[in-house]
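For reference, the chains in residue letters:
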Amino acid sequence: MYDAIIIGGGLGGLTVAIELARNKFTVLIIEKHAYPFHKVCGEYISNEVRPYLEHIGLDLAKLGASTINRFMLTSVRGTTLFSPLKMGGFGISRYTLDYELYKIAVNLGVHFELNASIEETQRINETFFVDTNTNKTFQSRILIGSYGKRAKVDRIIQRPIPKQQTSYMGIKYHISLDFPKDLIALHNFKGGYCGISAIEDDKLCLCYLSATANLKNKTGIKQMEEDILYQNPFLKEIFTKAEFLFKKPEVINEVVFVSKSKVHENIIMVGDSAGLITPLAGNGMSIAIKSGFMAAKLITEFLYDNINRAELEKLYISNWNTNFRNQLWRGRQLQKLFGKERTSEVAITLLNSLPALMPLVIRSTHGKILQYI
Ligand SMILES: Cc1cc2nc3c(=O)[nH]c(=O)nc-3n(C[C@H](O)[C@H](O)[C@H](O)COP(=O)(O)OP(=O)(O)OC[C@H]3O[C@@H](n4cnc5c(N)ncnc54)[C@H](O)[C@@H]3O)c2cc1C
C-alpha cells in the first residue's frame, strides 16, 4: 500500500512525487510512456519556477537551457510588436526536463509503473484501488490525477468535462534555424498561433495550436501549414528555411481550455488535469509545477493526520482558485483576440501605440515566483 498514487508523470505529477518523497512518503507514478520522450509543448518555461527547479537539483545551465527575455508578436498578416519580458523564462525540451525530474524522483525512492495506463479506480473506505493495463492493482491512501490534457482518464473515472465550442490540436517540431536565443516569438495565423524559441543544443522548438477545422479538406498537416500558416510571412520563412529534426511532428488532439473540477471522487487534480491555461500565456508548465507543489503540501498535512480528507479537498480547491483561476480566465479572453485576421491586427496596432500595455497584459496571465520554503 502506497501513501500516494499519481496517474501521469508529467511536470505536475513529478512535482507532487518529489515533494512527497522528500517527506519520506511512499509514492507510485503510473505513466503511459517510458522516459525520456517527446511531448507537444512550446518548451518555454516562465521563471516563476526556476528557483524551485534549481533548489530540487536541476542544473539548468549545465543542461543547456536558453535564457529568454524578449517577446515578439505578429498578426496574421505579419504586423509586428516587440516587448521585453520582465520576469522572463528559459527554454528546455520536455524530453530533457521531464527525464531529469524523473531521475530526481527515482533517487528519492519514487516507484514508477511505466508504459502503463489506468483501467479502473475505486475507493473502498479510506483506500484507493487502481487497476492498470499491465494487469496489476495498486493501493494507496491518496490518488492524484495528473494525466494532462488527455480525456481518456476523465472517461474512465466518469468525470464530466464541459463541451468546448472550438476543437484544438497541438503540433510540435524541433528545428534548426538561425534565430536569437533570447527571443520567444508568437506568430498568429487563421485559427491559431505558433511559438518559436530556443532550447538546448542549439535547437529551436516550433509549436503551434490550431483549430482542428483548419485540417478540413486538406490532405494532411503539411498542406494545412502551406495553405494557412504560410499566410503569415514570418511563418512561411521559418517553415521554408528551417531544417526539421523530427521524422514526423508530435501531435495532440482534443486540447480543451474549459473549467474543470479540481477534485473528482476524492481524486486531487493537478496541472492540466485541473485546468489548462491557453498556451499563448507561456506558463502552463509553471502552473503544473506550482499546483503539484501546492497539492503535495496539503497532502503531507493529511498523511500526518493534521487535516482530514474533507479539509484537504476544501483547502486545495480554495488555494487553486486563489492562485490560478483568474490567470486561466484571462488567458481564455486573450486567446479570443488571437488567430483572427482582424482582431490580431487591431490588437497589435493598439499594443504598439501603447507600449506600457503589453507588459501589463503579460503580467496578468502570470503569477508570482514559487516560494518553496
Ligand atoms: C500547443 C501547446 C503549447 C504549449 N506551450 C507551452 C509553453 O511554451 N510553455 C508552458 O509553460 N506551457 C505550454 N503549454 C502547456 C503545457 O504543456 C502544460 O500545461 C503542461 O505540460 C502541463 O503539465 P502536466 O503535468 O499537467 O501534464 P503533462 O505534461 O501533459 O503530463 C501528463 C502525463 O500523463 C501521462 N498520461 C496521460 N494519460 C495517461 C494514462 N491514461 N495513464 C498514465 N499516464 C497517462 C502522459 O503520458 C504525460 O506524461 C502548451 C500546451 C499546448 C497544448
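Our structure's up above, just so we're on the same page.
Residues numbered from 1 in each chain as written. Predicted model: local features only at pLDDT ≥ 70, side-chain atom pairs only at ≥ 80, totals over all residues. Heavy atoms only, no water.

Some details on the nonpolar core
Here's step 1: One finds Leu53, Leu97, Leu101, Ile144, Ile299 and Tyr316 to be the most contacted residues of the largest nonpolar core, which totals 75 residues.
Here's step 2: Excluding anything up to four places from it in sequence, isoleucine 299 contacts Val16, Leu20, Ile142, Ile144 and Leu312.
Here's step 3: If you look at the next biggest cluster of nonpolar residues, it comprises 27 residues, including Tyr44, Ile68, Leu186 and Val361. (Core = buried A, V, L, I, M, F, W, Y, C linked by side-chain atoms within 4.5 Å. Buried < 20%, exposed > 50% of the residue type's maximum accessible area, 1.4 Å probe, protein only. Contact = heavy atoms within 4.5 Å.)

Section: the site of the ligand
Here's step 1: The immediate surroundings of the ligand are formed by 37 residues, with Glu31, Gly42, Tyr44, Arg94 and Asp272 found nearest.
Here's step 2: Within the contact set of the ligand, an oxygen atom lies 2.6 Å away from a side-chain nitrogen or oxygen of glutamate 31.
Here's step 3: In the environment of the ligand, an oxygen atom lies 3.1 Å from a nitrogen or oxygen atom belonging to the side chain of histidine 33.
Here's step 4: For the ligand, the protein covers 96% of the area, taking 990 Å² as the surface of the free molecule.
Here's step 5: Among the secondary structure elements, those contributing two or more residues to the shell around the ligand are helix H1 (11–22), strand S13 (204–211) and helix H8 (284–303).
Here's step 6: The leading source of residues in the shell around the ligand is H8, at three residues.
Here's step 7: Split into classes, the residues belonging to the shell around the ligand amount to 17 nonpolar, 13 polar and seven charged. (Near = heavy atom within 4 Å. Polar contact = N/O pair within 3.5 Å; in protein donor to acceptor, adjacent residues only side chain to side chain. Areas by Shrake-Rupley, 256 points an atom, 1.4 Å probe, with all protein chains shown as cover. Helix = DSSP H or I, 4+ residues; strand = E, 2+ residues; numbered from the N terminus. Nonpolar A, V, L, I, M, F, W, Y, C, P; charged D, E, K, R; others polar.)

Considering helix H9 (residues 309–335)
Here's step 1: End to end, H9 covers 36 Å across 27 residues, agreeing with the expected 39 Å (1.5 Å per residue, within 8%).
Here's step 2: In H9, a bend of some 45° at phenylalanine 324 exceeds every other bend along the element.
Here's step 3: Inspection of H9 places Arg309, Leu312, Glu313, Tyr316, Trp320, Phe324, Gln327, Leu328, Gly331, Leu334 and Gln335 among the buried residues, and these make up the whole buried set.
Here's step 4: Structurally, the start of H9 carries an N-cap: the backbone nitrogen of alanine 310 is 3.2 Å from a side-chain oxygen of asparagine 308. (Expected span 1.5 Å × (residues − 1). Bend = angle between axes of the 7 residues up to and from the residue.)

Digging into the pairing of strand S10 (residues 168–176)
Along any regular strand, the residues point their side chains to alternate faces of the sheet.
Here's step 1: Burial runs high along S10: eight of the nine residues are buried.
Here's step 2: Direction of pairing for S10 relative to S13: antiparallel, over a ladder of eight bridges. Within the sheet, the bridge partner assigned to glycine 170 lies in S13 and is leucine 209.
Here's step 3: The pairing of S10 with strand S15 (residues 250–255) spans four bridges and is antiparallel. Residue tyrosine 168 lies in a different strand from S15, and its bridge partner there is valine 255. (Pairing = 2+ DSSP bridges.)

Digging into the packing of H8 against H9
Between two packed helices, the angle of one axis relative to the other and the distance separating the axes together describe the packing.
Here's step 1: Where H8 contacts H9, the axes come no closer than 10 Å and their chain directions differ by 160°. In terms of orientation, H8 and H9 fall into the roughly antiparallel class. Of the two possible hands of crossing, H8 and H9 adopt the one that is right-handed. Contacts from Ile287, Lys290, Ser291, Met294, Ala295, Leu298, Ile299 and Phe302 in H8 reach Arg309, Leu312, Leu315, Tyr316, Asn319, Trp320, Asn323, Phe324, Gln327 and Leu328 in H9. (Axes fitted to C-alpha atoms, helices over the stretch in contact; angles between N-to-C directions. Parallel < 35°, antiparallel > 145°, perpendicular 65-115°, else oblique. Left-handed = near helix turned anticlockwise from the far one by under 90°.)

Concerning the environment of aspartate 272
Here's step 1: Relative to the elements of secondary structure, aspartate 272 occurs in the loop between strand S17 (267–269) and H8.
Here's step 2: Classification of aspartate 272 as buried rests on a relative accessible area of 13%.
Here's step 3: Sequence-wise, aspartate 272 and asparagine 47 are 225 residues apart; in three dimensions their C-alpha atoms are separated by 19 Å.
Here's step 4: Setting aside anything within four residues of it in sequence, one finds aspartate 272 in contact with Gly148, Lys149 and Lys260.

Topic: the packing of aromatic side chains
Here's step 1: The full count for this structure, using the stated rule, is 17 aromatic pairs.
Here's step 2: With 5.5 Å between their ring centres and 45° between their planes, tyrosine 35 and phenylalanine 37 make a pair best called tilted.
Here's step 3: Ring centres of tyrosine 173 and phenylalanine 239 lie 6.1 Å apart, and the angle between their planes is 85°; on these two criteria the pair is classed as edge-to-face. You can see tyrosine 173 sitting in strand S10 and its partner phenylalanine 239 sitting in helix H7 (residues 233–241), a full 66 residues away along the chain. Considered together, tyrosine 173 and phenylalanine 239 belong to a single accessibility category, that of buried residues.
Here's step 4: Here the aromatic residues Tyr173, Phe189, Tyr208, Tyr230, Phe239 and Phe244 are joined through ring pairs into a cluster of three or more.
Here's step 5: Across from the ring centre of phenylalanine 90, 5.1 Å away, lies the NZ or CZ of arginine 50, which sits over that ring.
Here's step 6: The ring of tryptophan 320 carries lysine 262 above its face, with NZ or CZ at 4.0 Å from the centroid. (Phe/Tyr/Trp six-rings, centres within 6.5 Å; stacked < 30°, edge-to-face > 60°. Lys NZ or Arg CZ within 6 Å of the ring centre and 35° of its normal.)

Some words on the layout of surface pockets
Here's step 1: Computed from the structure, the second largest pocket encloses a volume of approximately 420 Å³.
Here's step 2: As for the second largest pocket, its lining consists of 18 residues, and the residues nearest its centre are Thr166, Tyr168, Arg332, Gln335 and Lys336.
Here's step 3: Only strand S12 (192–198) and H9 provide two or more residues apiece to the lining of the second largest pocket.
Here's step 4: Each residue belonging to the lining of the second largest pocket can be placed in one class, and the counts come to six nonpolar, eight polar and four charged. (1 Å grid on protein atoms, 1.4 Å probe; cavity = no way out; pocket = protein on both sides within 12 Å on 5 of 7 lines; lining within 4 Å. Points joined across faces, edges and corners; volume = space filled by probe spheres on them.)

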